[in-house]
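# Understanding the architecture of this molecule
One letter stands for each residue in the lines below.
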Amino acid sequence: MSGDAAVAGLTGPANELITRLGLERHPEGGWFRRIHSAEQVVDTGHGPRARVSSIHYLLTADEPIGRLHRNRSDILHYLQGGGPVEYTLLDEHGVLRRETLGFGPGESLFLFVPGGVWKASRLIGDARHALVSEAVVPGFDFADHAFGASDLLVTYPQHADALRPLLRPD
């Protein structure tokens, strides 16, 4: 992984975390590594899934945005270091809210995102990186994942300005 980090031109704590944790580029943006997948399996309406899975997820100054996406599973987010990192959340009723994980006043160290909620993350302020660990219940499967697309701008025109920069480039 250190080769990937060198190609990205990263230095300092972000590069050290990528190397130490063996992180790879994430399709949403940033870096990740699955660190746990339970051997126990549960049946879901969409097939069998691990009871729980977990990842480390890192945003860096060079990869500051986790693109808009949703999962069927509930996800618990725990800030491990760095930040602050802002999460933009859009529920099925079109309610948009923002939550900040950080170590400052009014910021949290933990965030629960229910399955089915659109979410994106981005570094804010002078943050150079944010390391977040996630627990996914039931466990993550790419079949349960969807990226946000431009049709969300039509469905939720009142939030188009907030969502547009969080979509994956075409």
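Overview of the structure. Remember, predicted model here, so these are calculated numbers, not experimental data.

### Some remarks on the sheet that holds strand E2 (residues 31-37)
- Spatially, the 6 strands line up as an open sheet ordered E1-E2-E5-E12-E7-E10, and their pairing is antiparallel. Two strands in the sheet have a free side with no partner beyond their single neighbour: strand E1 (24-25) and strand E10 (110-113).
- Sheet analysis places strand E7 (residues 74-82) next to strand E12 (residues 129-137), joined by 8 bridges and oriented antiparallel. The residue bridging Gly81 from the neighbouring strand is Leu131, located in E12.

### Describing the environment of Leu89
- Relative to the elements of secondary structure, Leu89 occurs in strand E8 (residues 85-90).
- Linking Leu89 and Pro157, residues 68 residues apart in sequence, is a C-alpha distance of 15 Å.
- Setting aside anything within four residues of it in sequence, one finds Leu89 in contact with Val95, Leu96, Arg97, Glu99, Leu111, Val113, Val117, Trp118 and Lys119.

### Concerning the environment of Leu68
- Within the element layout of this structure, Leu68 appears in strand E6 (residues 65-71).
- It is 26 Å that separates the C-alpha atoms of Leu68 and Ala38, two residues lying 30 residues apart in sequence.

### Examining the nonpolar core
- Counting 16 residues, the largest nonpolar core has Leu79, Val85, Tyr87, Leu89, Leu101 and Leu111 as the members making the most contacts within it.
- Put simply, the parts of the chain that give this core at least two residues each are strand E5 (53-60), E8, E10 and E12.
- Core analysis: the next-biggest nonpolar cluster, separate from the first, contains 12 residues, Ala120, Leu152, Leu153 and Leu163 among them.

### A word on the pattern of salt bridges
- Here the structure, examined in full by the defined rule, presents 9 salt bridges.
- As a salt-bridge pair, Arg49 and Asp144 come within 2.6 Å of each other at their nearest N and O atoms. Note that Arg49 is positioned in strand E4 (residues 47-50) and Asp144 in the loop between E12 and strand E13 (145-147), a separation of 95 residues in sequence. Here Arg49 and Asp144 have matching classes, each one buried.
- A salt bridge links Glu86 to Arg98, with the nearest nitrogen and oxygen atoms 3.7 Å apart. One end of the pair, Glu86, is in strand E8; the other, Arg98, is in strand E9 (residues 96-101), and 12 residues separate them in sequence.
- The partly exposed category is assigned to Arg98, whose relative accessible area is 42%.
- The structure contains a network of salt bridges with shared partners spanning Arg49, Arg72, Asp141 and Asp144.

### A closer look at the environment of Glu63
- Of note, Glu63 is situated in the loop between E5 and E6.
- Sequence spacing of Glu63 and Arg128 is 65 residues, and the spatial spacing of their C-alpha atoms is 9.7 Å.
- Excluding its chain neighbours within four sequence positions, the residues that come into contact with Glu63 are Arg25, Gly29, Gly30 and Trp31.
- A polar side-chain atom of Glu63 sits 2.8 Å from a polar atom in the side chain of Arg25.

What counts and what doesn't
- Residues numbered from 1 in each chain as written.
- Predicted model: local features only at pLDDT ≥ 70, side-chain atom pairs only at ≥ 80, totals over all residues.
- Heavy atoms only, no water.
- Pairing = 2+ DSSP bridges.
- Helix = DSSP H or I, 4+ residues; strand = E, 2+ residues; numbered from the N terminus.
- Contact = heavy atoms within 4.5 Å.
- Core = buried A, V, L, I, M, F, W, Y, C linked by side-chain atoms within 4.5 Å.
- Buried < 20%, exposed > 50% of the residue type's maximum accessible area, 1.4 Å probe, protein only.
- Salt bridge = Lys/Arg side-chain N within 4 Å of Asp/Glu carboxyl O.
- Polar contact = N/O pair within 3.5 Å; in protein donor to acceptor, adjacent residues only side chain to side chain.

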